[in-house]
Amino acid sequence: MQIQALPPALQRPFQPPLSLGFPFKPYFLTPTKHAPWHSTNNSFVLYSRFLHAVKFRRSFATVTATTDEAVIDDSYTTNNERGFVNIGYISSVHGIQGEIRVKPATDFPRLRFSTPGRRWLKSKVLGGESVQEVELEEGREHPALKSWILKFRGIDTVEQAKMLIGATLLVTDEDRPELEEGEFYTHDLIGMRVFMKENGKLVGTVVNVFNSGANDLLQIVLDSSFDMLDKSGKSRSAEDASDQLVLVPFVEAIVPDVDMKKREMHITPPKGLLELNLRFDERSKKERRQLEWKERKKFQKHLIAAKKKLIEMEQKHVFHGFQYGEKDQWSLLSDQIVGVNSKLLQEALQSLERPAKRWKVAELVSAIEAKLINSIQIPEEYFLNGSENKFFRDMQEKGAELMSKGKMAIVFLLNEEERQGSISDSNMIENEAIDTSVLRMFQKVKDRVSVPLILVSSAQKIHSLRNLFRSNNYFAFDSEKVWFLEEEKLPVVSSLPEGQNKYKILMKSPWEILQSPVGSGGLISLFSKHSIVDNLIDMGVEYIEFCCPSERTAGGNSLLFGLINSREAKIGIQISPKITDLEENFDMIFSMDFVKKLTKQSNKLQFDAIPKAHSFVEKVDKEWVTVTSSTPNSYELSCSIHDSLNACSLDKVCIVEVTE
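Not measured: the values here are computed from a predicted model.

Conventions and cut-offs
- Residues numbered from 1 in each chain as written.
- Predicted model: local features only at pLDDT ≥ 70, side-chain atom pairs only at ≥ 80, totals over all residues.
- Heavy atoms only, no water.
- Disulfide = S-S within 2.5 Å.
- Buried < 20%, exposed > 50% of the residue type's maximum accessible area, 1.4 Å probe, protein only.
- Phe/Tyr/Trp six-rings, centres within 6.5 Å; stacked < 30°, edge-to-face > 60°.
- Helix = DSSP H or I, 4+ residues; strand = E, 2+ residues; numbered from the N terminus.
- Lys NZ or Arg CZ within 6 Å of the ring centre and 35° of its normal.
- Pairing = 2+ DSSP bridges.
- Core = buried A, V, L, I, M, F, W, Y, C linked by side-chain atoms within 4.5 Å.
- Contact = heavy atoms within 4.5 Å.
- Axes fitted to C-alpha atoms, helices over the stretch in contact; angles between N-to-C directions.
- Parallel < 35°, antiparallel > 145°, perpendicular 65-115°, else oblique.
- Nonpolar A, V, L, I, M, F, W, Y, C, P; charged D, E, K, R; others polar.

Novice: Help me understand the state of the cysteines, please; the structure alone is not making it clear to me.
Specialist: Note on terminology: a disulfide is the covalent bond linking the sulfur atoms of two cysteines. By the definition in use, this model includes zero disulfides. Note on Cys654: no disulfide assigned, nearest cysteine sulfur contributed by Cys648 at a separation of 9.9 Å. For Cys654, a relative accessible area of 1% corresponds to the buried category.

In structure tokens:
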């Protein structure tokens, strides 16, 4: 283990490098161009792949954007002040020959990852960032994992490859492909001021560009001085809106003028376009100030309670960041502390001491062979071409009928496919937010009007999901029956020698807790936290489907629903021989009474302590130091929803086994 001391903060507040300030959210920005305006019956078609909402952190963000078309303006680059372009990040190792797996952030993956030659790696440490040159020998695509497998010269062992995890892969700015006339790099559009062409009035500033299936979309934050008409025809200021972000299709008919030299564009939006997704706050400024004051007081109470819990858990070191930095950093740390689910953390740490059965595909198959679990086998062809089998058809019809009556809710865990054993970091997360296959998934669910829908995603994607649904009329779902929940996370903890606090929460910076997603088992905690079960029961829901969506798994499994209902089971699971990991594209249905039981007995879920090597910071003798290690020095706490089988009698479980 290597410990690198930082300069003491004696004369001024501790100023963090990029990796220590507020998280800079990455965005998957692609080349774009003016396109023909697509419309249907004069209604705006905003069916697109939406991405992360932008949050600028002026004090600490030196990376202007993170995509293959965005220049990284780094002061630490080579002597000739070469600019770099982000093309992806190293998410994990592959095999035992020193190969690594890269998540792309480029529209030119074959050029970037299969062409041998020089590349650069940007690594982050507490004291700053470094860029080193590497030689790409070969690369190949891994479509199933949406990644590329690369081999660098001189990296020949797993140990060497592990040291590269988390690094950003770069090429030089001058290597950017030239665009055709009328095309723009989306990074070049971000930050441009937007004016109304008819009167020159300032509308706002472009903060993001979304790649759409029909048109590219500009995300514009409205200027506070810009006035619009609300639904009643009353003139309202943009500052009265609950969300000042609007979407404008990047087509010549609406954005006729783009002046790159002046960094501005002029728009001619159709009537009602800018107001399409705005919600105006009808309360007076006095009422809003009173509400803000109440919210601050409420937050302070939560902060005091959260601190007390952490003290009881011997985690007082988490508060050390309050002695350094400035008001913004203190606010970030306060948010982090309040956000810790201390009850779930305690349950997770306690469960590590309790041995429990781990359910995997092999264990399920063994239980089926031992006739401990009821099951039926269905050929994969059934899902492609249908079947004449009367039993299958009857079960599917029964499930579809119950679904049309609103007897089942669907929960989509949209981030599970990104785990791959890697921590979810705001600077490392895969930049694609919602791809077209997921959009198609929403349209596959039958009888949508009656089906309650719960979407669980990362904080980076929640805002985009809301915009996506609003812009597509909620895909025919009832907007009153749709929830958007942020995935559950837990702190990463260290494993220290005996005699010390074995599970110590690690700090990513003096003001930010190092965290990782809980996994599918975190859904039960979310249901309890947001009182989802009671709301669904009031709606008449009797079953809940949990799934990690893909082109194969799209939710609304009427066959499994009909089967679990007809056999009065508590858990129904669909498995396939092509899926070796139960967390991969899982599809499960629970009865409502069983879900309610789990929310009250969440300690029934078993957690895994996954050993990982993490860099973290800690205060030593009034100085902040960074601790790095090439070997596992910490645990990520993870839980699978399949461990709920330990809380259910196996004769109350039924399985649909898909065969080839």
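Novice: How should I be thinking about the packing of aromatic side chains in this particular structure?
Specialist: Aromatic ring pairs are described here by two measures, namely the spacing of the ring centres and the angle between the planes. In this structure the tally under the stated criterion is eleven aromatic pairs. Summarising the aromatic geometry, the rings of Phe527 and Phe546 are spaced 5.7 Å apart at their centres and angled 45 degrees between planes, so their arrangement reads as tilted. Note that Phe527 is positioned in helix 12 (residues 522–529) and Phe546 in strand 31 (residues 543–547), a separation of 19 residues in sequence. Take Phe527: its relative accessible area is 1%, and that puts it in the buried class. For Phe546, a relative accessible area of 0% gives the class buried. In this structure, Lys307 packs its charged tip against the face of Phe319, placed 5.8 Å from the ring centre.

Novice: Looking at this model, I keep getting lost on the pairing of strand 22 (residues 408–413). Mind explaining?
Specialist: Walk down a regular strand and you will see the side chains alternate between the two sheet faces. Within strand 22, six of the six residues are buried, which leaves it mostly tucked inside the rest of the structure. The alternating pattern of strand 22 places Met408, Ile410 and Phe412 on one face and Ala409, Val411 and Leu413 on the opposite face, and all of these are buried. Note that strand 22 and strand 31 share five bridges and pair parallel. Looking at the pairing, Phe412 lines up with Cys547 of strand 31. When strand 22 meets strand 23 (residues 453–457), the two strands line up parallel, connected through four bridges. When the sheet's bridge partners are listed, Leu413 is paired in strand 23 with Val456.

Novice: Sorry if this is basic, but what is going on with the nonpolar core here?
Specialist: In a soluble, globular protein the nonpolar side chains are often hidden away together inside. With 69 residues, the main nonpolar core has Ile454, Phe527, Leu536, Phe546, Ile571 and Phe590 as its most contacted residues. Sequence-distant contacts of Phe527, that is, excluding residues within four places in its chain, are made with Val411, Ile454, Ile532, Val533, Leu536, Ile544, Phe546, Val595 and Thr599. Judged by nonpolar contacts, the second largest core, of 33 residues, contains Ile378, Phe392, Tyr543 and Ile564.

Novice: Looking at this structure, how should I read the packing of helix 9 (residues 390–404) against helix 14 (residues 558–566)?
Specialist: Axis angle and axis distance: for two packed helices, these are the angle between their axes and the distance between the axes, and together they describe the pair. The interhelical angle for the contact between helix 9 and helix 14, taken along N-to-C directions, is 90 degrees, at an axis separation of 7 Å. As judged from the angle between their axes, helix 9 and helix 14 are roughly perpendicular. From helix 9, Phe391, Phe392, Met395, Gln396, Lys398, Gly399, Ala400, Leu402 and Met403 reach across to helix 14, where they touch Ser558, Leu559, Phe561, Gly562, Leu563, Asn565 and Ser566. Residues belonging to the contact of helix 9 with helix 14 are distributed by class as follows: nine nonpolar, six polar and one charged.

Any link to function would need more than the numbers given here.
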